[in-house]
Amino acid sequence: MLTGGIPSAITYKSVFSIIKPDEPENICVLFAQDVLKLFSSENDIMNIDDKTDNGSARNENDIRDKVKSLNVLNVYSNNLGLCVASEKIEDRTNEIPTIPKILDRINIKGNIITWDALNTQKSNVEKVIILYLLN
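Residues numbered from 1 in each chain as written. Predicted model: local features only at pLDDT ≥ 70, side-chain atom pairs only at ≥ 80, totals over all residues. Heavy atoms only, no water.

A. Local environment of the pairing of strand E3 (residues 82-88). Two strands pair when backbone bridges link them, and strand E2 (residues 70-77) and E3 are joined in this way by six bridges, in the antiparallel orientation. Bridging from a neighbouring strand, valine 72 pairs with lysine 88 of E3. Where E2 folds back on E3, the antiparallel hairpin that results is connected by four residues, among which glycine 81 adopts a positive phi of roughly 70°. (Pairing = 2+ DSSP bridges. Helix = DSSP H or I, 4+ residues; strand = E, 2+ residues; numbered from the N terminus.)

B. Spotlight on helix H4 (residues 122-134). Taking 1.5 Å per residue, 13 residues should reach 18 Å; H4 reaches 18 Å between its end C-alpha atoms and fits that length. Buried residues in H4 make contact with helix H3 (99-103) and strand E4 (112-115). (Expected span 1.5 Å × (residues − 1). Contact = heavy atoms within 4.5 Å.)

C. Summary view of the side chain of asparagine 111. The topology assignment puts asparagine 111 in the loop between H3 and E4. Polar side-chain contacts of asparagine 111 include one of 3.1 Å to the backbone nitrogen of aspartate 44. Among all residues touching asparagine 111, those that are not within four sequence positions of it are Asn43, Asp44 and Met46. (Polar contact = N/O pair within 3.5 Å; in protein donor to acceptor, adjacent residues only side chain to side chain.)

D. Structural context of the sheet that holds E2. Overall, mixed pairing links the four strands, which are arranged E3-E2-E1-E4 in an open sheet. Both outer strands of the open sheet, E3 and E4, are each paired with one neighbouring strand and no more. With strand direction ignored, the average angle separating the axes of adjacent strands in the sheet is 25°. Two strands pair when backbone bridges link them, and strand E1 (residues 45-53) and E2 are joined in this way by eight bridges, in the antiparallel orientation. Residue lysine 51 lies in a different strand from E2, and its bridge partner there is valine 72. (Axes fitted to C-alpha atoms, helices over the stretch in contact; angles between N-to-C directions.)

E. The arrangement of the environment of proline 7 in detail. Mapping proline 7 onto the fold places it in the segment before helix H1 (9-18). Residues proline 7 and valine 125, 118 residues apart in the sequence, show an inter-C-alpha distance of 48 Å. Apart from the residues within four sequence positions on either side, proline 7 is in contact with Leu2 and Tyr12.

Here's what the structure looks like:
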């Protein structure tokens, strides 16, 4: 029973405005990784690749401007069989500057990280080495 009564819509809005949008996803993924690692003793292979949702683009009309297709960078865990992290790729860029952001969100210790040739940048490889040594 709520002693102060039912919270108002403004209270809910205030609470949800404090929560960062990617935090609920991170909590769920970390929980799933911890639980599923109990059943798997081997190291994981994590595949990093971008996906473009071509059906999400919209043409320009009187009501709205042109909307480009949604482009998302995903990390897929082979052992867990699920996407463990995703990050939207900004409209005027490609996946290269998004790799460091997503590497900060996953546990790479003891895992094999793969990506396509586009992401084989010196800065990305250095980031993986640094994160591996820190964990």
